[in-house]
Amino acid sequence: RYTPEQSFEDLEEQKRAEAANHWMQKQVVTVRTDDSLGELARVLDSHQISGAPVLDGEGRLVGVVSQTDLARHLAQLNREERRSSSGYYQGVFCNSLFSEPALKGLLTEGQVSDILTPYTYWVSADASLPEIVDLMLEHHIHRVPVLKDGQLVGLVTSLEVLRHMRSHWPLP
């Protein structure tokens, strides 16, 4: 916010510091459209993330996929939903899932391209915090890929937004 004591240069510096490229995740875990659903589950579980950008065979961003997408897909096929009291899917990555022959087959046969969300919202590296928050709220999304010249250069998640806000506006 502008105060009379601030110069134009101060405001420009503040705006640059709030740009996504200063606080986004730069090491982004991605999956490919032709990865199996089992590989997707292993990637999400091993990196302890809830979703990832999806790249095609040429490395272009084509969508996003989440553990909820995977759980929803398996639940529809299996006609069983496992939800916690907060509404999040649970139990998708447990060992027993991989031991059930039918589900193991679904994880082997299905591909990320079967369940990804193909239309992806994205921002440029110089997008501001308010722009990103507005996009997330308007479209009910938890992760926003950051692109530069059409290439994925970062990712902003709901947690990154909270971390950034907390570091700039400490609570009393």
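Everything numeric here is computed off the predicted structure, so don't read it as measured data. (Residues numbered from 1 in each chain as written. Predicted model: local features only at pLDDT ≥ 70, side-chain atom pairs only at ≥ 80, totals over all residues. Heavy atoms only, no water.)

J.: Is there a simple way to think about the environment of Leu135 in this case?
T.: Relative to the helices and strands, Leu135 is located in helix 6 (residues 129–139). Judged by relative accessible area, Leu135 falls into the buried class, the value being 15%. Excluding residues within four positions of it along the chain, Leu135 makes contact with Tyr121, Trp122, Val123, Ile141 and Val144. (Helix = DSSP H or I, 4+ residues; strand = E, 2+ residues; numbered from the N terminus. Buried < 20%, exposed > 50% of the residue type's maximum accessible area, 1.4 Å probe, protein only. Contact = heavy atoms within 4.5 Å.)

J.: Any chance you could explain a nonpolar patch on the surface here in plain terms?
T.: A surface patch of nonpolar side chains, about 400 Å² in accessible area, is lined by Leu159, Leu162, Met165 and Trp169. Within the secondary structure, Trp169 sits in the segment after helix 7 (158–168). Overall, the relative accessible area of 42% leaves Trp169 in the partly exposed class. (Patch = residues over 30% accessible without salt bridge, like charges linked within 9 Å, V, L, I, M, F, W, Y side chains within 5 Å. Areas by Shrake-Rupley, 256 points an atom, 1.4 Å probe, with all protein chains shown as cover. Salt bridge = Lys/Arg side-chain N within 4 Å of Asp/Glu carboxyl O.)

J.: For this particular structure, what's the right way to read a negative patch on the surface?
T.: Side chains of Asp126, Glu131, Asp134 and Glu138 sit close together on the surface and give a patch of like negative charge. Following the sequence through the fold, Asp134 ends up in helix 6. The exposure class of Asp134 is partly exposed, given its relative accessible area of 49%. (Lys, Arg positive; Asp, Glu negative; His and termini not counted. Charge placed at Lys NZ, Arg CZ, Asp CG, Glu CD.)

J.: Looking at this structure, I do not really get the pattern of salt bridges. What am I missing?
T.: Enumeration over the complete set of coordinates arrives at 5 salt bridges. Residues Arg42 and Glu39 are paired through a salt bridge, measuring 3.7 Å at the closest nitrogen-oxygen approach. Linking Arg42 with Glu39, this pair stays in helix 2 (residues 37–47), spanning 3 residues, or about one helical turn. Under the relative-accessibility criterion, Glu39 is labelled partly exposed at 31%. The closest approach of N and O atoms between Arg60 and Glu58, which form a salt bridge, is 2.6 Å. Glu58 gets classed as exposed once you look at its relative accessible area, which sits at 62%. Among the ionic contacts, a cluster of salt bridges with common partners joins Asp56, Glu58 and Arg60.

J.: Before we go on, may I ask you to explain the environment of Leu155 in this structure?
T.: As for its position among the elements, Leu155 is in strand 6 (residues 151–157). Residue classification places Leu155 among the buried residues on the basis of a relative accessible area of 4%. For the pair Leu155 and Gln25, spaced 130 residues apart in sequence, the C-alpha to C-alpha distance is 5.1 Å. Ignoring any residue separated from it by four or fewer positions in sequence, one finds Leu155 in contact with Met24, Gln25, Val28, Pro53, Arg143, Val144, Pro145, Val146 and Glu160.

J.: For this particular structure, what's the right way to read the pairing of strand 6?
T.: When a strand is regular, its side chains alternate between the sheet's two faces. Bridging between strand 5 (residues 143–148) and strand 6 involves 6 bridges; their strand directions are antiparallel. Opposite Val146, over in strand 6, you have Gly154 as the bridge partner. Counting the residues between successive antiparallel strands, the hairpin from strand 5 to strand 6 contains 2 residues, one of them, Asp149, with a positive phi of roughly 55 degrees. (Pairing = 2+ DSSP bridges.)

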